[in-house]
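Structural features, examined
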Amino acid sequence: MVTNDMIKRIPKVELHDHLDGGLRPTTIIELAKEEKIDLPSTDENELKAWFVRGCKKKSLSLYLETFAVTTAVMQTKEALQRVAREALEDLAKDNVVYAEIRFAPDLHTRNGLNLEEVVTAVLKGLDEGRKETGVQYGLILCAMRHEAPESTLDIAELAVAFSGKGVVAFDIAGDEYGHPPKKHIEAFRYIRSKNFNITIHAGEAFGVESIWQAIQICGAHRIGHGVRLVEDMTIENGRILKMGSLSQFILDRRIPLEMCLSSNVGTGAVESLAAHPFPVFFKNGFRVFLCTDNRLMSDTNLTKEMSLAVREYGLGLRDLEKISINAMKSAFIHYDRKIEIIYDVIKKEFADLRREYGIE
């Protein structure tokens, strides 16, 4: 049996965590007071309940509404630095050993900061968190898919400009309906011409076409969510009987899928944990791993996500080790650093855990 204590101590890798989706309620209250921003409540418990109500009710509109509050309190260098530092502190408490945090710089310029100042402040906070906790990190810059292609290209150029300073990839996020990734092809061409990394939110609220465009037109190296890939498969009792060309391509090329259980149920991307395609993907050899997406809005962390996978899908300790290694293999850092973390940290800590619990 895999216990909650064991899961808590497992070395974890987080590759899909939005900076503006993981703030502490106490931090939001303090920053809002400093900036004279009205909140739904200044009581910590009541405010947290307001943030998670969308996930509890499976309401995408309520879920997304809360980001207006978190981004509102993240408009100064000091606030961005603090939120980034605290993100790594909170991940460290969950025994995350490597994390890729993502955010959209455009959303933090309303009080006069320019894009470079925004990114610099976040990197400063992340570096403080790394020095304090030992958690290694990479930063992913997001463009919003509803924006003009010119704005998306600006974020792509910004990501490359900071590529030697902690930024490891480029992403587009936002509503998939009416905003296909190919609309931003110039940004992706630029990223690819610079030998840089791409992950794209796709197959969450829209179907296989969105995933196909992300990979075959835009050149995504990873897919955020991708749950709608099941529409390209014939499945019976958890076994894939037939795959379309896209799912076969993703399997064969080992294209990673960033799976977010609680978030996908909370936003209505899937009906329930029982209906989530993660166990189908995992048990049929796809390179998948678990992520949180938005720790505040989904009231989760990686310990909770792994606990759900153990309870709902019968995963064991070796499965959780494979998930952590899958994630680390998929990280946007150099090969030698991946190998170092896999063998010196992840495999070592899992071996120590097995010895302690007497597991063969």
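Please refer to the structure higher up on the page.
The paragraphs below set out a description of the structure included in this document. Since the structure is predicted, the reported quantities are computational estimates derived from the model, not experimental observations.

Here we take up the sheet that holds strand β6 (residues 222-225). Taken in spatial order, the four strands of this open sheet run β5-β6-β9-β10, and their pairing is parallel. Of all strands in the sheet, those bounded by a partner on one side alone are β5 (199-202) and β10 (288-290). Averaged over all pairs of adjacent strands, the angle between strand axes in this sheet comes to 30 degrees, irrespective of strand direction. By the bridge criterion, three bridges tie strand β9 (residues 257-259) to β10 in an arrangement that is parallel. Counterpart to Leu257 in the pairing with β10 is Val288.

Quick look at the pattern of salt bridges now. Per the stated rule, a full pass over the model turns up 27 salt bridges. Between Arg222 and Glu100 there is a salt bridge, with the nearest N and O atoms lying 3.0 Å from each other. With Arg222 in strand β6 and Glu100 in strand β2 (residues 96-103), this residue pair connects regions lying 122 residues apart in the sequence. Assessed through its relative accessible area of 0%, Arg222 is described here as buried. One salt bridge connects Asp352 with Lys348, and the closest N-O pair in it is separated by 3.1 Å. Residue Asp352 and its partner Lys348 are located together in helix α16 (residues 335-357), separated by four residues, close to a single helical turn. Lys348 sits in the partly exposed class, given a relative accessible area of 47%. When salt bridges that share partners are traced, they join Arg24, Glu30, Arg82, Arg85, Glu86, Glu89, Asp90, Lys93 and Glu128 into one network.

In an α-helix there are 3.6 residues to a turn, and that puts residues three or four apart on one side. With 19 residues, helix α7 (residues 115-133) should reach 27 Å at 1.5 Å per residue; the first-to-last C-alpha distance of 27 Å fits that figure. On its buried face, α7 is in contact with α6 (77-93), β2, β3 (136-144), α8 (149-161) and β4 (167-173). N-cap assignment for α7: the residue whose side-chain oxygen lies 3.1 Å from the backbone N of Glu116 is Asn114. Looking one or two residues past α7, Gly134 carries a phi angle of roughly 90 degrees, positive in sign.

It is worth spelling out the packing of aromatic side chains at this point. If you walk through the whole model with that rule in mind, you get six aromatic pairs. Ring centres of Phe278 and Phe282 lie 5.7 Å apart, and the angle between their planes is 15 degrees; this geometry places the pair in the stacked category. One end of the pair, Phe278, and the other, Phe282, are both in helix α13 (residues 278-283), four residues apart, so they sit about a helical turn from each other. Of the two residues examined, Phe278 and Phe282, each falls in the buried class. Ring geometry for Phe278 versus Tyr313: centroids 5.9 Å apart, planes at 45 degrees, classification tilted. Of this pair, Phe278 sits in helix α13 while Tyr313 sits in helix α14 (residues 302-313), placing them 35 residues apart in sequence. On the basis of relative accessibility, which here comes to 8%, the residue Tyr313 falls in the buried class. Following the ring pairs from residue to residue traces out a cluster consisting of Phe278, Phe282 and Tyr313.

For any two helices packed against each other, one specifies the inter-axial angle together with the distance between the axes. Relative to each other, α6 and α7 sit at 35 degrees, their axes nearing to 7 Å. Of the two possible hands of crossing, α6 and α7 adopt the one that is right-handed. Contacts from Lys77, Leu80, Gln81, Ala84, Arg85, Leu88, Glu89 and Ala92 of α6 reach α7 at Glu117, Val118, Ala121, Val122, Lys124, Gly125, Leu126, Glu128, Gly129, Arg130, Glu132 and Thr133. Residue composition of the contact of α6 with α7, grouped by class: eight nonpolar, four polar and eight charged.

Spatially, four strands are ordered β1-β2-β3-β4 in an open sheet, and the strand pairing comes out parallel. What marks the edges here is a single partner per strand, and that holds for β1 (12-18) and β4. Strand-to-strand twist across the sheet, computed as the mean angle between neighbouring axes with direction ignored, equals 20 degrees. Pairing of β1 with β2 involves five bridges; the strand directions are parallel.

The full count for this structure, using the stated rule, is zero disulfides. Free of any disulfide, Cys142 has its nearest neighbouring cysteine sulfur in Cys260, separated by 12 Å. Taking the relative accessible area as the measure of exposure, Cys142 reaches 2% and is therefore buried. Counting only cysteine sulfurs, Cys142 is the nearest neighbor of Cys218, a cysteine outside any disulfide, at a range of 15 Å. The exposure class of Cys218 is buried, given its relative accessible area of 0%.

Okay, the pairing of β4 next. Counted residue by residue, β4 has seven buried out of seven residues, so it is predominantly covered. Sheet topology note: the β3/β4 ladder contains six bridges and is parallel. Residue pairing for β4: Met144 is matched across the bridge by Ala173.

About the criteria used
Within every chain, residues take consecutive numbers counted from 1 along the sequence as written. pLDDT decides what is reported in this predicted model: residues at 70 or higher carry local features, side-chain atom pairs at 80 or more are listed and counted, and totals for whole chains, interfaces and linings draw on all residues regardless. Only heavy atoms go into the side-chain values, all of them from the structure, while hydrogens and water stay out. Pairing between strands is defined by DSSP: at least two bridges between the two strands are required. A run of DSSP states H or I qualifies as a helix once it reaches four residues; a run of E qualifies as a strand once it reaches two. Both are numbered from the N-terminal end. Note on geometry: axes are C-alpha line fits, over the in-contact stretch for helices, and angles between N-to-C directions span 0 to 180 degrees. Salt bridge, as used here, is a side-chain nitrogen of Lys or Arg placed within 4 Å of a carboxyl oxygen of Asp or Glu. Per-residue accessibility, obtained with a 1.4 Å probe over protein chains only, is compared with the maximum for each type, and a residue is labelled buried under 20%, exposed over 50%, and partly exposed between these values. Multiplying one less than the number of residues by 1.5 Å gives the expected span of a helix. Note on contacts: a residue pair is in contact if any heavy atoms of the two residues lie within 4.5 Å. Within 3.5 Å is the distance limit for a polar contact, defined as a pair of N or O atoms, with the added protein rule that one can donate a hydrogen and the other accept it, and that residues adjacent in sequence qualify only through two side-chain atoms. Any two rings among Phe, Tyr and Trp, with Trp reduced to its six-membered ring, count as a pair given centres within 6.5 Å; such a pair is stacked if its planes are under 30 degrees apart, edge-to-face if over 60, and tilted if neither. The sense of a crossing depends on the near helix, which, turned anticlockwise from the far helix by less than a right angle, makes the crossing left-handed and, turned clockwise, makes it right-handed. Amino acid classes used here: Ala, Val, Leu, Ile, Met, Phe, Trp, Tyr, Cys and Pro are nonpolar; Asp, Glu, Lys and Arg are charged; the rest, including Gly, are polar. The term disulfide is used for any two cysteine sulfur atoms that are within 2.5 Å.

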